[in-house]
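Analysis of the macromolecular model
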Protein chains: 2
Amino acid sequence: MSSSRQESLIDRCKQHGLRITGQRRVILEVLDASDDHPDVEELHRRVSAIEPGVNIATVYRTMNKLAEQGLIERHQFDDGRLRYEPAPEEHHDHFINVETGEVIEFRSDEIEDLQEEIARKYGFEIVSHKLELYVRRRKGH
Amino acid sequence: MSSSRQESLIDRCKQHGLRITGQRRVILEVLDASDDHPDVEELHRRVSAIEPGVNIATVYRTMNKLAEQGLIERHQFDDGRLRYEPAPEEHHDHFINVETGEVIEFRSDEIEDLQEEIARKYGFEIVSHKLELYVRRRKGH
DNA sequence: ATACTTGCAAAAAGTTTGCAGGTCG
DNA sequence: CGACCTGCAAACTTTTTGCAAGTAT
């Protein structure tokens, strides 16, 4: 399981007034158990392994509802498909290993601060941001 | 016109061995005159204003060819559509004004350096990166 | 009870491709 | 002339939607 979060997605959904159906229960369980950034097709695959018969449209609709409530985060890396992760406590950015497709999370307060500073300099305030570093493992470490 | 580049896209295409057809001439002219980050539909609209009858598939194919040669840069912001800009001399990042959709370019050496440093710390080298700041104008400037 | 969810199939939106004809170099 | 490019229509991929039936609260 991934989340360092204490509270399950199911509980958070209830708090947000979303109904917990059989399908949603499975989807949320899959999300809670995910350490990566699956796309809808992959989510559907994982859900189907537990409980066949859940339509992919249901997965799409559920993910949209969750994103609407801020319970998950939506990403779109360079492959063009939508990917999701349970909303983290604290913002982080991503390495994408271009050789393996692997996604690794990281956080840098210096970068966060620098972004704020630059935005301020231009007369903006940041609503959200996205930093993706497409990387390769260094040779001879 | 946007580009601080001295050389026209047409010349650079020739150097790369791409044939200059009537359609391409117009598309390249439009790109050279663009200061923004148009999507394919918008490009097609601008091209059609100069020379009606150019098919949108041709625009798609041309953009793919240009991107292949590194003559333009492809972006995908949160609206999901592919956007393009003539390849800049020097890398830059983007503000996206969430209220107007406007895209503004900026560059920060501090951020570039910090990214390198972080990647190195994790044992990666950066192949490319993408930083998008979704922003709003500050009230009371 | 009733507002919210689901499955299914159809539609949308964005992009790519096969093919026959046309053009650049 | 030959390789490359174009228009057109059809195909593809990913995501959304209408509707009738089912379910959580």
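Residues numbered from 1 in each chain as written. Chains lettered and ligands numbered in written order. Predicted model: local features only at pLDDT ≥ 70, side-chain atom pairs only at ≥ 80, totals over all residues. Heavy atoms only, no water.

Here we look at the pairing of strand S5 (residues 124–137) of chain B
Here strand S5 (residues 124–137) of chain A pairs with S5 of chain B via 13 bridges, running antiparallel. Paired with Leu131 of chain A across the two strands is Leu131 of chain B, which belongs to S5 of chain B. As paired strands, strand S3 (residues 93–97) of chain B and S5 of chain B are joined by 4 bridges and run parallel to one another. Counted as the bridge partner of Asn97 of chain B is Val135 of chain B from S5 of chain B. (Pairing = 2+ DSSP bridges. Helix = DSSP H or I, 4+ residues; strand = E, 2+ residues; numbered from the N terminus.)

Notes on the protein's contact with DNA strand D
The immediate surroundings of DNA strand D are formed by 18 residues, with Tyr60 of chain A together with Thr21, Gln23, Arg24 and Thr58 of chain B found nearest. Taken together, the sugar and phosphate atoms account for 71% of what DNA strand D places within 4 Å of the protein. Tyr60 of chain A is positioned with one of its side-chain polar atoms (N or O) 2.5 Å from a phosphate oxygen of DNA strand D. Leu82 of chain A places a main-chain nitrogen or oxygen 3.0 Å from a phosphate oxygen of DNA strand D. Every element with two or more residues in the surface near DNA strand D is listed here: helix H4 (56–68) of chain A together with helix H2 (22–32) and helix H4 (56–68) of chain B. The element that contributes the greatest number of residues to the surface near DNA strand D is H4 of chain A, accounting for 4 residues. Considering only residue class, the surface near DNA strand D consists of 5 nonpolar, 6 polar and 7 charged. (Near = heavy atom within 4 Å. Polar contact = N/O pair within 3.5 Å; in protein donor to acceptor, adjacent residues only side chain to side chain. Nonpolar A, V, L, I, M, F, W, Y, C, P; charged D, E, K, R; others polar.)

What about the protein's contact with DNA strand C?
Lining the immediate surroundings of DNA strand C are 18 residues, of which Thr21, Gln23, Thr58 and Arg61 of chain A together with Tyr60 of chain B lie closest. A share of 69% is what sugar and phosphate atoms reach among the atoms of DNA strand C within 4 Å of the protein. Within the side chain of Arg24 of chain A, one N or O atom sits 2.9 Å away from a phosphate oxygen of DNA strand C. Broken down by element, the residue count for the surface near DNA strand C peaks at 4 residues, all from H4 of chain B. Its residues assigned to classes, the surface near DNA strand C shows 5 nonpolar, 6 polar and 7 charged.

Focus on the side chain of Arg83 of chain B
Residues and elements named next belong to chain B. Inspection of the secondary structure assignment puts Arg83 in strand S2 (residues 82–86). A distance of 2.9 Å separates a polar side-chain atom of Arg83 from the backbone oxygen of His37. Looking at Arg83, its side chain comes within polar contact range of the side chain of Asp79, at 2.7 Å. When near neighbours in sequence (up to four residues on either side) are disregarded, Arg83 contacts His37, Pro38, Asp39, Glu73, Arg74, His75 and Phe77. (Contact = heavy atoms within 4.5 Å.)

Section: the packing of aromatic side chains
Geometrically, a pair of aromatic rings is defined through the distance of the ring centres and the angle of the planes. Applying the stated criterion across every chain yields a total of 8 aromatic pairs over all chains. Put simply, the rings of Phe95 and Phe106 of chain A together with Tyr122 and Phe124 of chain B pair up and form one aromatic cluster. (Phe/Tyr/Trp six-rings, centres within 6.5 Å; stacked < 30°, edge-to-face > 60°.)

A short note on H2 of chain B
For H2 of chain B, every residue scored as buried is listed here: Arg24, Val26, Ile27, Leu28, Val30 and Leu31 of chain B. Those residues of H2 of chain B that are buried are in contact with helix H1 (9–15), helix H3 (40–50), H4, strand S1 (72–76) and S2 of chain B. (Buried < 20%, exposed > 50% of the residue type's maximum accessible area, 1.4 Å probe, protein only.)

Some thoughts on the environment of Gly17 of chain B
Position of Gly17 of chain B among the secondary structure elements: in the loop between H1 and H2. Sequence separation between Gly17 of chain B and Glu105 of chain B is 88 residues; the distance between their C-alpha atoms is 30 Å.

Notes on the relation of the copies chain A and chain B
Overlaying chain A on chain B yields an RMSD of 0.2 Å, the required transformation being a rotation through 180 degrees with an accompanying axial translation of 0.1 Å. What we have between these two chains is a two-fold relation. Within chain A, Leu131 of chain A has its C-alpha nearest the rotation axis, a separation of 2.2 Å. A shared interface surface links the copies, since 100% of the contact residues of chain A are contact residues in chain B too. (Least-squares fit on C-alpha atoms with pLDDT ≥ 70 in both.)

As for the UniProt feature "binding site: Fe cation" (unreviewed entry) in chain A
On the UniProt side, "binding site: Fe cation" (unreviewed entry) is annotated at positions that read His91, Asp93, Glu112 and His129 of chain A here. A maximum C-alpha distance of 9.9 Å among these annotated residues, which run over 39 residues, shows that they cluster at one spot. Structurally, the position occupied by Glu112 of chain A is in helix H5 (residues 109–121). Classification of Glu112 of chain A by relative accessible area gives buried; the value is 12%. In this structure, Glu112 of chain A is in contact with His91, Asp93, Arg107 and His129 of chain A, ignoring residues within four places of it in sequence. For His129 of chain A, a relative accessible area of 14% gives the class buried. Here His129 of chain A is in contact with His91, Asp93, Glu112 and Gln115 of chain A together with Glu132, Leu133 and Tyr134 of chain B, once residues within four sequence places are set aside. (UniProt positions renumbered as here; feature names shortened; annotations may be inferred.)

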